[in-house]
Each structure stands twice: as C-alpha cells, then as structure tokens.
Amino acid sequence: MTSATAHRSRSDATDASDDPLNELARAAAGGDRAAADRLLATIRPMLVRYIRARIGRSGGSEGAYYSADDVAQEACLGVFRSLSHYQPLGHSFTAFAYRIASNKVVDHYRRSGVNRETACDVLPETADPQRSPEARCLEAERGRYLKRLLDHVTGRERELLTLRIVVGLSAEETARAIGSTPGAVRVAQHRALAKLRKVLTPPPR
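Residues numbered from 1 in each chain as written. Predicted model: local features only at pLDDT ≥ 70, side-chain atom pairs only at ≥ 80, totals over all residues. Heavy atoms only, no water.

Sorry if this is basic, but what is going on with the side chain of Thr174 here?
Here Thr174 lies in helix H8 (residues 171-178). The residues contacting Thr174, other than those within four sequence positions of it, are Leu160, Leu163, Arg164, Leu169 and Val185. (Helix = DSSP H or I, 4+ residues; strand = E, 2+ residues; numbered from the N terminus. Contact = heavy atoms within 4.5 Å.)

See the structure below:
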C-alpha cells in the first residue's frame, strides 16, 4: 500500500468515537435514566424503519406492520436490557443497536419457519386512509418488485442497500452500523446497484 493510499484509508475510516450516540450510551450504561430515555427515543424510529424494511407488511392487512413492529419492540427491549453492560470497545453504539435488531429479525424468521424476507419500497409511519385501493395495490406490487430485485444481491449487500436507500442513512451512518468505512460502503453500494441494473426491468406504473 502506498503512502497516499494509506492516507486515504485512514482519512476515510469511520471512527467509532464519532458516533453521536456513544456519549448517551456511556451515560445510560452508568445508570443515567434520563440518558437512557433519550437514547431509546433516538434509536427507536431508526430500528422500526430498518425492521419494517427487512420484514415488510403483515399479511392480511393493507399498510399494517404488526409483525415488524413487534420485532422492533423486542429489539428496543434488547437494547435497553443490554445498556447496563454495554462496552464501546472501539465500536459505535449505532452498530451495536443494529446488530441487536438484525438478530431479532433472524429470530423472527426462525420462529416463523420463513427463510425469505419481504422488503417494501414505501414505508409510511401510518396507513394513509386517503389512498385508493388501486394505489395500495400498486404500492404492494412495487414492494414485491423490489423484493425480487434484492434477491439478486448478497445478504450483506441487501443489508447495506436497506440501510442506505430504504432507511436513508448516510454512508457514514451505514459504515458505523455495519462496522465498515464510508468509502467501502460507497463501493459496495455501487457494485450492488450495478448488479441490479443488469437484471432491471421497468417497474409497474
């Protein structure tokens, strides 16, 4: 590795200490209940959106996320119960929380006996009563289309695309979540999208 390459690698790396949640996590781990409340209030919507993207809507109810939201609640409880013995050890709290959420998703599929995930491209916080049945059907079809596309990438690439595109994390935030660097995230995202372009067909309109 040349000195220039080494410099780029060092400057591109995501320092776990840069995670803005680390300070709150340390305070919460020390017994500060107010810090724990603020931490969970910050992390919960991130985990809900991530798990909804991984699991998708519950069957039999348009726009409902009962199973995903149950799993998100389990993930938040898991994070809370882990705070008392949380140790940064060079890792970001964001990565710590997403690992717990990812494990809860795996547990969900193991319990249900389902091995395949259903991703959704539109993740409203609440169902929109103004949408027509045709719009809801179209949204569901687009979700199935995205899910079929994601079958063409690896599990890690699917995770990365979920965090970057569906959840909306920046490259830096995604790097903290998966224990990588922003540069590596951008390269992996570029390669994953290149794979998808090769199999891309026009989505339903």
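Read on, since the account is not over.
Help me understand the packing of helix H7 (residues 155-167) against H8, please; the structure alone is not making it clear to me.
The description of two packed helices rests on the angle between their axes and on the distance between the axes. The geometry of H7 relative to H8 is characterised by a closest axis approach of 10 Å and an angle of 135 degrees between their N-to-C directions. Regarding the angle of H7 to H8, the classification is oblique. Crossing of H7 over H8 shows right-handed handedness. Contact with H7, carried on its side by Arg156, Glu159, Leu160, Leu163 and Arg164, involves Ala171, Thr174, Ala177 and Ile178 of H8 and no other residues of that element. Taken together, the residues of the contact of H7 with H8 sort by class into five nonpolar, one polar and three charged. (Axes fitted to C-alpha atoms, helices over the stretch in contact; angles between N-to-C directions. Parallel < 35°, antiparallel > 145°, perpendicular 65-115°, else oblique. Left-handed = near helix turned anticlockwise from the far one by under 90°. Nonpolar A, V, L, I, M, F, W, Y, C, P; charged D, E, K, R; others polar.)

Could you clarify how one ought to interpret the packing of aromatic side chains in this entry?
Here the distance between the centres and the angle between the planes together describe a pair of aromatic rings. Applying the stated rule across the entire model yields four aromatic pairs. Relative to Phe96, the ring of Tyr86 lies with its centre 4.8 Å away and its plane at 55 degrees, an arrangement referred to as tilted. On the criterion of sequence distance, the pair formed by Tyr86 in the loop between helix H4 (66-82) and helix H5 (93-112) and Phe96 in helix H5 is long-range, its members being ten residues apart. Among the residues examined, Phe96 registers a relative accessible area of 17% and is labelled buried. Seen in terms of ring centroids, Phe93 and Phe96 are 5.6 Å apart; in terms of plane orientation they differ by 40 degrees. Their pairing is tilted. Placement of the pair is Phe93 and Phe96 together in helix H5, with a separation of three residues, close to one helical turn. Connected via pairs of aromatic rings, a cluster forms that spans Tyr86, Phe93 and Phe96. (Phe/Tyr/Trp six-rings, centres within 6.5 Å; stacked < 30°, edge-to-face > 60°. Buried < 20%, exposed > 50% of the residue type's maximum accessible area, 1.4 Å probe, protein only.)

By themselves, these figures tell us nothing about what the structure is for.
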